[in-house]
Amino acid sequence: MIWEDTILTRPAVLAPALLLIGYVLYQLFRPTGLPDVPIIGARPGEWFPLARARWRNAKDMKTATEVAYSQYRNQTVILPIAGAKDFVLLPANQLQWLVDQPDSDIDLHEQVNEALQLDFTVMDPQLIHNPIHHKLISTVLTRETGNLVPALLDETRFSVDGLWGTDTEGWNEICVYEVMRRIIGQVTNRVFVGLPLCRDADLLAAGMAYAQDIPMASTALRFTWKPLRPLLGPLITLPNRIHTSRFYAILRPEIERRLRADPDTNAADKEPNDFLQWSLNQAKAAADPYLARPDTLAGRILLLNFASIHTSSFAITHAILDLAASRPEYLDELRTEVAAVLAERGGGGWNKRALAGMEKLDSVMRESQRLNSFVTVASSRLVVKRDGVTTPDGVRVPRGNVLCAPSYPVFHDPAVYPEPHAFRPFRFAEMRARADAGESYVRKARQAFATTSPDYAAFGHGRHACPGRFFASSELKLMLAYLVVNYDFDVQENRPPNLWFGMNRVPPMRATVRVRRRKGTV
């Protein structure tokens, strides 16, 4: 009775309660707009099967993807995930069809914007809606990767020696992910902003914090009722704003200095060869004052930090943990290959041609990503065509739904990859070696780390596959080679297991390994 009196006599309590009840009822009973196909995670005869399947799948994404792949291998299904979307999951054999569809029918960028809530999590949404930096990634960055190898090696040497140590007598225990994230941030920003800013601890800290802010804030926003997002968004994204402001404040003076530089004395051969300078030149060529604003240029560099640092840090962490829990002779084989290729193709030094020739090293990275890929579903696309699309198996998918294909279960399918749960570091190098001598370079290169296919979608697949994967491949291979050549690993009996967070798999963040500088390498 007391409770009823409180509710009835206090509109300030009654109104929010009714709003919450109405929202819950709306979510439970609203039309889904989904095609009539099986729902992964739903149980026969239960009430609200879609809502309950969302939470089951979010808690055990591994089982959900495996059930979809094994029980409905050639059938389209619904894969609902709490806090994400009710995905329309296509059979694996339809991935190529998916990536071949025009952007006017299904759109990658719209799906990314929705998944990461970029209109809220990025402080200047125009950076997202006019992503001209993408062209620089796929053209200039890819073209310049070979010329950037000396800078990458120099920064790798500087950061690794400082954080892994140079003691050739005692073992040094490191937290792999934390240390490698700092190294990746420093080495990658050597290419983004150059010296000395790439070694600025505050700049790196702001960039890494922002890279964590976006997934955390976007998750909170996706769980927020859409009409309330404009109201609550500024509060939820407050850390994003703080770290953006710090990053801009540190980078802004360098941008302003370069903008003031006399073009007659700043000839092309004297310009810094980094992404900031390429962006500045692009802005000047476009003659658009907005593009040449210091905060616009700083914003593009910050977005690059978000897109690259976490994924590359995960990749190198996985590779180190895999090697540290494998046979010691694998490390010896890699050291032998690196020495032989450098002598044959590099003239004793590092270059793009030498990196391309290290096929066993390349295979280690590709195999480690196959086993541990962050990606569990491939090539998510939002249906934007007004009257929807029809899949190859005849399923009509209305506008507003998200299409995707399986990735995790394909990577662990014994019919595709024998011994799929084993770390076989030279799996792909052996596949290259088994190729007939008459096969073309292109066919052999299909087993390279950065190459995508329907069976290997760690970088996505098709025309929208990760545009920076060729640079990332070179950076990661060079870094792993430096670590293997210069350090001993205290071999572990078991590899620490990965962690699942909803749809994503990440390395064990607190896992450690013991390393020691090899004698004769200091």
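For the structure itself, look to the data block above.
Throughout what follows, the structure given in this document is the object of discussion. Remember, predicted model here, so these are calculated numbers, not experimental data. (Residues numbered from 1 in each chain as written. Predicted model: local features only at pLDDT ≥ 70, side-chain atom pairs only at ≥ 80, totals over all residues. Heavy atoms only, no water.)

### What to know about the overall build of the protein chain
- When you go through the protein chain residue by residue, the secondary structure sums to 22 helices and 12 strands.
- What you see for the protein chain is a C-alpha radius of gyration of 25 Å, in line with the 24 Å of a compact globule of 522 residues.
- Here the C-alpha coordinates of the protein chain stretch approximately 80 × 60 × 50 Å along the principal axes.
- Burial statistics for the protein chain: of 522 residues in total, 49% are counted as buried.
- In the protein chain, the share of contacts with a sequence separation of at least 24, taken over all contacts with a separation of at least 6, comes to 73%.
- As displayed, the protein chain has an accessible area near 24,200 Å², and 56% of this comes from carbon and sulfur atoms. (Helix = DSSP H or I, 4+ residues; strand = E, 2+ residues; numbered from the N terminus. Rg over C-alpha atoms; globule rule 2.2 N^0.38 Å. Buried < 20%, exposed > 50% of the residue type's maximum accessible area, 1.4 Å probe, protein only. Contact = heavy atoms within 4.5 Å. Areas by Shrake-Rupley, 256 points an atom, 1.4 Å probe, with all protein chains shown as cover.)

### Section: the sheet that holds strand β4 (residues 172–175)
- The strand order β4-β12-β9 describes an open sheet built from three strands, whose pairing is antiparallel. Edge strands, defined here as strands with exactly one partner in the open sheet, are β4 and β9 (487–489). Sheet twist, expressed as the mean angle between neighbouring strand axes with direction ignored, is 40°.
- On top of the sheet, helix α10 (residues 176–192) reaches β4 and β12 (512–517); it is set at about 75° to β4, its chief contact. (Pairing = 2+ DSSP bridges. Axes fitted to C-alpha atoms, helices over the stretch in contact; angles between N-to-C directions.)

### A short note on the side chain of Asp274
- Within the secondary structure, Asp274 sits in the loop between α13 (238–260) and α14 (275–286).
- In this structure the side chain of Asp274 is engaged in a polar contact, spanning 2.9 Å, whose partner is the side chain of Arg258. (Polar contact = N/O pair within 3.5 Å; in protein donor to acceptor, adjacent residues only side chain to side chain.)

### Remarks on the packing of α10 against helix α15 (residues 294–324)
- Across the interface, α10 lies against α15 with an axial gap of 8 Å and an inter-helix angle of 135°. Between α10 and α15, the angle is such that the two are oblique. Handedness of the crossing formed by α10 with α15: right-handed.
- Grouping the amino acids of the contact of α10 with α15 by side-chain chemistry returns 12 nonpolar, nine polar and one charged. (Parallel < 35°, antiparallel > 145°, perpendicular 65-115°, else oblique. Left-handed = near helix turned anticlockwise from the far one by under 90°. Nonpolar A, V, L, I, M, F, W, Y, C, P; charged D, E, K, R; others polar.)

### Topic: the packing of α10 against helix α22 (residues 469–486)
- Between α10 and α22, the least distance of the axes is 12 Å, while the angle of their chain directions is 130°. In terms of axis orientation, α10 runs oblique to α22. Relative to α22, the crossing made by α10 is right-handed. Of α22, the residues touching α10 (which contributes Met180, Ile183, Ile184, Val187, Thr188 and Val191) are Phe471, Glu475, Leu476, Met479 and Leu483.
- When its residues are assigned to classes, the contact of α10 with α22 shows nine nonpolar, one polar and one charged.

### A few points about the side chain of Glu254
- Checked against the element boundaries, Glu254 lands in helix α13.
- For Glu254, a relative accessible area of 17% corresponds to the buried category.
- A distance of 2.7 Å separates polar atoms of two side chains, one belonging to Glu254 and the other to Arg258.
- Those residues within four positions of Glu254 in sequence are excluded, and the remaining contacts are Leu197 and Leu276.

### Here's the deal with the environment of Asn401
- Position of Asn401 relative to the elements: it lies in the loop between β7 (396–397) and β8 (402–406).
- On the accessibility criterion, Asn401 (7% relative accessible area) is buried.
- Once the C-alpha coordinates of Asn401 and His318 are considered, the two residues, 83 residues apart in sequence, prove to be 33 Å apart.
- Looking at Asn401, its side chain comes within polar contact range of the main-chain oxygen of Pro398, at 3.1 Å.

### What about the sheet that holds strand β5 (residues 377–383)?
- Here we have five strands laid out as an open sheet, ordered β1-β2-β8-β5-β3, and mixed in their pairing. Bordering the open sheet on either side are β1 (77–80) and β3 (106–107), each of which pairs with just one other strand.
- Bridging between β1 and strand β2 (residues 86–89) involves four bridges; their strand directions are antiparallel. In the sheet register, Val77 faces β2, and the bridge partner there is Leu89.
- Strands β1 and β2 of the sheet are contacted by helix α3 (residues 49–59), whose axis makes an angle of about 65° with β1.

### Considerations on the nonpolar core
- One finds Trp164, Leu251 and Trp350 to be the most contacted residues of the largest nonpolar core, which totals 96 residues.
- With 15 residues, the top contributor of residues to this core is α15.
- Ignoring any residue separated from it by four or fewer positions in sequence, one finds Trp164 in contact with Asn172, Ile174, Val179, Met180, Ile183, Ile320, Leu483, Tyr487, Phe489 and Val515.
- Membership of the second largest hydrophobic core comes to 18 residues, among which are Leu34, Ile78, Val395 and Leu403. (Core = buried A, V, L, I, M, F, W, Y, C linked by side-chain atoms within 4.5 Å.)

Scope: geometric values only; no functional claims are made or implied.
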